[in-house]
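# Descriptive structure summary
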Amino acid sequence: MPEVVRSPKVYDVCIIGSGASGGTAAKILTEGGLSVVMLEAGPPLNPEKDFKEHVWPYQLAHRGAGVGGKASENFSEFLAPNGAWDIEGEPYTVADGSRFRWFRSRIVGGRTNHWGRIALRFAPVDFKSRSTDGMGDDWPITYDDVAPYYDKVESYIGVFGTKENVSSAPDGIFMPPPKPRCTETVVKKACDKLKVTCIPSRLAVITQPHNGRAPCHYCAQCGRGCVSASNFSSSQVMIPYAEKTGRFTLITNAMAREIVVGKDGKAEAVSYIEKSTRIEKRVYSKSFVVGASACESARLLLNSKSSAFPDGLANSSGVIGRYLTDSVGSSGGGVFPQLAKMPPHNHDGVGGMHMYMPWWKFDRKNDFLRGYHIEFGGGRTMPGVGEFGALCDYVEGYGAGLKQKCHDAYGTYIGFAGRGEMIPNEHSYCEIDPNTVDELGIPVLRFHWQWSDNEIKMAKDMQQTFRQIVEAGGGTYYDRTTPDGPNPYGIQDGGVIIHELGVVRMGSNPKTSALNGYCQAHDVKNLFVTDAASFVTNPDKNPTLTIMALSWRASEYLLDEAKKGNL
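The residue numbers shown here count from 1 along each chain, following its written sequence. At least 70 in pLDDT is required for a residue's local features to be given in this predicted model, at least 80 for side-chain atom pairs to be given and counted, and no such filter applies to totals for whole chains, interfaces and linings, which use all residues. Hydrogens are left out, water is left out, and the side-chain values use all remaining heavy atoms of the structure.

## Considering the sheet that holds strand β4 (residues 199–200)
Sheets are built from strands paired through backbone hydrogen bonds, the pairs being either parallel or antiparallel. Overall, antiparallel pairing links the 6 strands, which are arranged β4-β10-β11-β12-β9-β15 in an open sheet. In this open sheet, the two edge strands, each paired with only one partner strand, are β4 and β15 (476–478). Whether two strands pair depends on DSSP finding at least two bridges between them. Numbering of helices and strands runs from the N terminus, with a helix taken as a DSSP run of H or I at least four residues long and a strand as a DSSP run of E at least two residues long. Here β4 pairs with strand β10 (residues 355–357) via 2 bridges, running antiparallel. Its bridge partner lying in β10, I199 is registered against Y356. The sheet strands contacting helix α11 (residues 453–472) are β9 (328–335), β10, β11 (372–378), β12 (413–420) and β15, and the helix crosses β9 at an angle near 20 degrees. Contact between two residues is taken to exist if any of their heavy atoms lie within 4.5 Å; hydrogens are not considered. Here an axis means a line fitted to C-alpha atoms, over the contact stretch when the element is a helix, while the angle between two N-to-C directions is reported on a 0 to 180 degree scale.

Following this line, the structure appears as structure tokens:
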């Protein structure tokens, strides 16, 4: 067996992962005076070269669709380079009878380079779900514990929105939002008729100069990255500030294999594979922050076996890998003929929705527990390859006649997407596949997945609501969902919404949880897991803002404990 190359330096903190969680921890810990080393499994990122923010379709050989159109499966060639559904040499497996997909990131900044920037606070009730309806578990912390950190994150990164006093969607510290576009006013009027709450979005896109960053120039290309850093990414807003302290070391193309435990029962090092050489190296640290993304973090801990932790590091409870959830997602849309009569005008804005519908039926009895919010968008965006694929599924014809139909329909379609809460169940989890390793020899994850009747009923309600909104707005709803089959009522497969979380959950009882309320491992006091793996529930809000708030909170706690000598 080749010798492991050991680093002579011992850092104060080693962070694994450079996304929302790792980037936040790096900023707080380095500014707090600690020396930090960060391991990132992918390459460095240069926005000036890597982002295709203002590239026209004709400037790419395949108009953005990639060879054979394959890039369309991965959000097109225009996507900020941050990951893929399938990574060569890095397989994962799915158990028989399950349907699950896993989007993984391999670049500095991770998924934050292209995420939708939807920045929603969890509500007080979201932390106490079991106390409310008897299902799942309560968090060991409350909204009041996290609220000061929501304040800090919003104040630092910049989030636009409006104060609305909606109990399911707590207000935050907001910049002025952009004005509604024509499509959003159409939907807003329909929602008002139906008494469906429709308010300005909350997005991590700055509309005013902020901390040296220029305001959004409304090119509507956020998914391609943002050279001016007007929208938030860890690679541009967190990590550069850690680097400025002089106490930050970034090691890229470093795939973490195992966290090594010392004789004292504490974590002492991370063994990682240097991808360019396939040499295994080891970096030593006094404490460790795992933020590799939820399932990747679980994989690392489960692969970190020793005599002290035969079932995986910090897994005496046996919960690591369990309680896997993703957002309930179903989508639809309709054509609004009045939009065809609109004179051509600039439909640009931020690269996301200017308005959305928070959960509005929280004060009544529904056919399902918990709730969902609705995201929507449309209008005359820049046409690209596959722009009219969905339309061609509904209309017949070919040649000039079909082209005319596409021309007439251009800009008249508005799409709707529901994002709801999944209640954890015993049939949805990940584990180490005993028979499969990746190209580096690291055992991979095997996923098990099952939606419950509660989520399927929620997806049905989403479809009914979409139709009601479209028809109230004078449009025609296009629906091809069915109540049966592998995706009843259009419910997406597990993992497709890319909000997977909960597999290293926090809790008050070490027998039923892996972490305490500060994301600190019950079994290993110098180990913290600060990404979405720590979540107890998966409310209808997108998780990124809460990931950063919890990571900020855990990092301040780690700083305090380090100063006291408790780690």
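Now that the structure has been shown, we can carry on.
## Let's talk about the layout of surface pockets
In this approach the atoms are scanned with a rolling probe the size of a water molecule, which exposes any empty space left behind. Roughly 470 Å³ of volume is contained in the second largest pocket. If you trace the second largest pocket, you find 22 residues lining it, with T132, D133, W359, F362 and R370 closest to the centre. Grid spacing is 1 Å over the protein atoms alone, the probe is 1.4 Å, and a cavity is where that probe fits but cannot get out, while a pocket is an open set with protein on both sides within 12 Å along at least five of seven lines and lining residues have an atom within 4 Å of a point. Grid points are joined across faces, edges and corners, and a volume is the space filled by probe spheres set on the points.

## Some thoughts on a nonpolar patch on the surface
Taken together, W56, Y58 and M382 make up a surface patch of nonpolar side chains, about 350 Å² in accessible area. One can find W56 in the loop between α2 (47–50) and β3 (93–94). When its relative accessible area of 44% is taken as the criterion, W56 is described as partly exposed. Surface patches are drawn from residues lacking salt bridges whose relative accessible area is over 30%; two like charges belong together within 9 Å, two nonpolar side chains (Val, Leu, Ile, Met, Phe, Trp, Tyr) within 5 Å. Each accessible area is a Shrake-Rupley estimate made with a 1.4 Å probe; only the visible protein chains count as cover when residues are assessed. Any carboxyl oxygen of Asp or Glu that lies within 4 Å of a side-chain nitrogen of Lys or Arg is treated as forming a salt bridge with it. Accessibility here uses a 1.4 Å probe with only protein chains present; expressed as a share of the type maximum, an area under 20% marks a residue as buried, one over 50% as exposed, and anything in between as partly exposed.

## Considering the environment of F376
Within the secondary structure layout, F376 lies in strand β11. For F376, a relative accessible area of 6% gives the class buried. Placed 43 residues apart in sequence, F376 and G333 show a C-alpha to C-alpha distance of 8.8 Å. Sequence-distant contacts of F376, defined by excluding residues within four places in its chain, comprise T183, E184, V187, C198, M353, M355, Y356, M357, I414, G415 and F416.

## Regarding the packing of aromatic side chains
Under the pairing criterion, centres of Phe, Tyr and Trp rings, with the six-membered ring standing for Trp, must be within 6.5 Å; the plane angle then separates stacked pairs below 30 degrees from edge-to-face pairs above 60, leaving the rest tilted. This structure, assessed with the given rule, holds 27 aromatic pairs. An angle of 75 degrees between the planes, with centres 5.7 Å apart, marks the rings of Y92 and W102 as edge-to-face. Taken together, the residues Y92 in the loop between α2 and β3 and W102 in the loop between β3 and α3 (129–133) connect sequence positions 10 residues apart. Of the two residues, Y92 and W102, both sit in the buried class.

## Focus on unusual backbone geometry
Backbone geometry places Y218, a non-glycine residue, at a positive phi of 60 degrees. Looking at where Y218 falls in the secondary structure, it is placed in the loop between β4 and α6 (234–237). In the Ramachandran plot, N253 falls in the positive-phi region, its phi being about 50 degrees despite a non-glycine side chain. By the secondary structure assignment, N253 is in the loop between β5 (248–251) and β6 (254–261).

## Some remarks on the packing of helix α5 (residues 182–194) against α11
Relative placement of two packed helices is described by the angle separating their axes and the distance separating the axes. Between α5 and α11, whose axes approach to 8 Å, the crossing angle comes to 110 degrees. As far as their axial angle goes, α11 and α5 are roughly perpendicular. In the packing of α5 onto α11, the handedness of the crossing is right-handed. Where α5 approaches α11, its residues V187, A190, C191, K193 and L194 are matched on the opposing element by Q468, I469 and A472. Charged residues are taken to be Asp, Glu, Lys and Arg, nonpolar residues to be Ala, Val, Leu, Ile, Met, Phe, Trp, Tyr, Cys and Pro, and polar residues to be all remaining types, Gly included. In terms of residue class, the contact of α5 with α11 is built from 6 nonpolar, 1 polar and 1 charged. Small angles under 35 degrees read as roughly parallel and large ones over 145 as roughly antiparallel, with 65 to 115 read as roughly perpendicular and the rest as oblique. Take the far helix as your reference; a near helix turned counterclockwise from it by less than a right angle gives a left-handed crossing, and one turned clockwise gives a right-handed crossing.

## Observations regarding the packing of helix α1 (residues 20–31) against helix α12 (residues 544–564)
Where α1 meets α12, the closest approach of the two axes is 8 Å, and the angle between their N-to-C directions is 35 degrees. Pair α1 / α12 crosses with right-handed handedness. Residues A20, S21, T24, A25, K27, I28 and L29 of α1 form the contact with α12, whose own contacting residues are T544, I547, M548, S551, W552, S555, E556, L558 and L559. Of the residues assigned to the contact of α1 with α12, the class counts are 9 nonpolar, 5 polar and 2 charged.

## Here we look at the pattern of salt bridges
Inspection of the entire model under this criterion finds 31 salt bridges. The residue E296 makes a salt bridge to R299 at a minimum N-O spacing of 2.9 Å. Remark: R299 and E296 occur in helix α8 (residues 294–303); sequence separation between them is 3 residues, near one turn of the helix. The burial state of E296 is the same as that of R299; both residues are buried. The closest approach of N and O atoms between E421 and R370, which form a salt bridge, is 2.7 Å. Residue E421 is found in the loop between β12 and β13 (429–437), and its partner R370 is found in the loop between β10 and β11; the two are separated by 51 residues along the sequence.

## Regarding empty space enclosed by the protein
Scanning the entire structure with this criterion turns up 4 cavities of 30 Å³ or more. Taken as a whole, the largest cavity holds about 80 Å³ of empty space. In terms of lining residues, the largest cavity is bounded by 17 residues, among which C216, C219, C222, C226 and N231 are the most central. Each residue belonging to the lining of the largest cavity can be placed in one class, and the counts come to 8 nonpolar, 8 polar and 1 charged.

## Considering the state of the cysteines
In a disulfide, the sulfur atoms of two cysteines are held together by a covalent bond. In plain terms, two cysteine sulfur atoms within 2.5 Å form what is called a disulfide here. Summed over all chains, the structure comprises 0 disulfides. You can see C226 has no disulfide; the closest cysteine sulfur is in C222, sitting 6.3 Å from it. In this model C430 remains outside any disulfide bridge; the closest cysteine sulfur is found in C295, 4.6 Å from its own. We classify C430 as buried; its relative accessible area is 2%.

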